[in-house]
Structures are given as C-alpha cells and as structure tokens.
Amino acid sequence: MADWPHGGAEAAALEPYKGRYVAQDGLEVLYDSDSPYDVVRWLRKNGLRARVWKVPATAEDAGSFLTW
Amino acid sequence: MTYPFVELQRDPSGPPRPVLDVVVGEASEVLVPCLVDSGAMNTLLPDWVADLAGIDRTGAPTTTLGVGGSGVLAHLVPTVLTVGEHSWEAEVGFCDPWPGSWGLLGQHSFFRYFVVTFRTADFKLEIAPVPG
C-alpha cells in the first residue's frame, strides 16, 4: 500500500464503514447511514459538500460491471 | 486534469480504482463517485442519485441492461454532468436495482467527450475534454 495515492490511509479510513452509505471529504468520513437519502439530508442541513457513496462490502460491489 | 485513484478498504480490496467524482445535475453538494470503465458502453448511476438531484424520469425511455451478469431497468435521461470545472450533457441510465458502490462512466456518455489516460503505474487518471 505504500505506493497507493494516500499510502493506504484512505483504505484505513473506509474500513469501519463497509456496506454503509457515507459522506466522505478527503480522507475523512463525515457521516454514515444505511440510506443515501439520509446522508444527503445531513449534508444539506450542514451546508457541506462531499462524496456520497456506499462503501463496498463485497468484491461484487467494487467490481467493474460488464454492460451492454 | 489529473486525479488520484480511489483506495478501497482492506476487504474487499485490490488495487486503487480509477474513479471520478461527478456532480449530477444541479446537486453540486453531492459528489457521486463513478468508475471510469472503458468496458462499459453506457453511463449508469443508481436511481437514488436521480431522486436527490431532482431529475424527473417520468416518461423517460427505459431499457433493460446487463449489469454484473443480471438485468437492471434503466431510465435514460439527458443529464448535465460535471467533473471539476467541465460540464457536458449526455444520456445517463438511472438504474434500479443497482448492484455496485459507484456509478459507471462508459463509452457513449464519457469517453466520447474526453481524452482519457490511465496512469495505473502511479494510480493516477488524466482526462482532457476532446477539442472542439
């Protein structure tokens, strides 16, 4: 991990949130929930901007999906 | 524009992925991570993104797409997407159910508009709008 973009720090920050929807700002998780709607509601209430996504819980979540 | 790949947690892990944060419509406070996927034909996002961006799918054409080995229903809607300072309008498929953690930026609605360089050796992604 030493040669990763953040030396593994981003991976470590996400580790506790597998399967959760999070608001992520840089290497910091600001908020987490089981619902993306709840996360965005929290962001808007606090006037913040962040990456909103579901942290992968399985290899399939993190896959590259062939689509057609 | 150069962006670092996104690291994933240890399990499931693997190497960092080429993911871009995309603003969908006018919901500028929400950055939606999307895998830059040259194997995907379409640009696809989970349906909840359309809800939160206020994008109306009523009457939008639908299609069933194969994603991850199963079929998902996609509403196809022309949508303004923004990465960094650059915005473009393209057809996006809003999908329900959606099996992944991130959206997909595919050939029709992303690679058509950008020159994309994968610098996997140092986990960076370069994109530049196609001239003209």
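Residues numbered from 1 in each chain as written. Chains lettered and ligands numbered in written order. Predicted model: local features only at pLDDT ≥ 70, side-chain atom pairs only at ≥ 80, totals over all residues.

### Side note on the overall build of chain A
Secondary structure summary: chain A contains two helices and three strands in total. For chain A, the α and β elements follow one another from N to C terminus as α-β-β-α-β. Counting only C-alpha atoms and orienting by the principal axes, one finds that chain A spans roughly 35 × 35 × 20 Å. The buried share of chain A, taken over its 68 residues, is 34%. Intrachain contacts of chain A at a sequence separation of at least 6 include 32% that bridge at least 24 residues. (Helix = DSSP H or I, 4+ residues; strand = E, 2+ residues; numbered from the N terminus. Buried ≥ 20, exposed ≤ 12 C-beta atoms within 10 Å, placed from the backbone. Contact = placed C-beta atoms within 7 Å.)

### Considerations on the confidence of the model for chain A
Averaged over chain A, the pLDDT score is 89; the fraction of residues at 70 or greater is 91%. Looking over chain A, one finds the lowest element-wise mean pLDDT in helix 1 (residues 9-14) of chain A, namely 90, and the highest in strand 2 (residues 28-33) of chain A, namely 98. (pLDDT = per-residue confidence, 0-100.)

### A closer look at helix 2 (residues 36-46) of chain A
Of the residues making up helix 2 of chain A, those classed as buried are A:Pro36, A:Val39, A:Val40 and A:Leu43. Summarising the axial view, the buried residues of helix 2 of chain A lie within an arc of 95°, below the 170-degree limit, and thus occupy one face. Counted as exposed and oriented over 90 degrees from the buried face of helix 2 of chain A: A:Tyr37 and A:Lys45. Where helix 2 of chain A is buried, its residues touch strand 1 (21-25), strand 2 and strand 3 (50-54) of chain A together with strand 3 (30-36) and helix 1 (47-53) of chain B. Remark: A:Gly47 follows helix 2 of chain A within two positions and exhibits a positive phi of approximately 65°. (Arc of directions from axis to C-beta.)

### Brief notes about the interface of chain B and chain A
Taken together, the contact between chain B and chain A spans 37 residues of the former and 34 residues of the latter. Only strand 3, helix 1 and strand 5 (62-67) of chain B provide two or more residues apiece to the side of chain B that touches chain A. Sorting elements by how many residues they give to the side of chain B that touches chain A places strand 3 of chain B first, with five residues. Of the residues in the side of chain B that touches chain A, the class split is 22 nonpolar, 10 polar and five charged. Bridge count for strand 3 of chain A against strand 3 of chain B is two bridges, and the pairing is parallel. (Nonpolar A, V, L, I, M, F, W, Y, C, P; charged D, E, K, R; others polar. Pairing = 2+ DSSP bridges.)

### Things to note about the environment of B:Val30
For B:Val30, the position within the fold is in strand 3. For B:Val30, a count of 24 C-beta atoms within 10 Å translates into the label buried. Spatially, the C-alpha atoms of B:Val30 and B:Val49 are 9.0 Å apart, while their sequence positions differ by 19 residues. If near-sequence neighbours (up to four positions away) are discounted, B:Val30 is found in contact with A:Val40, A:Leu43, A:Val52 and B:Leu52.

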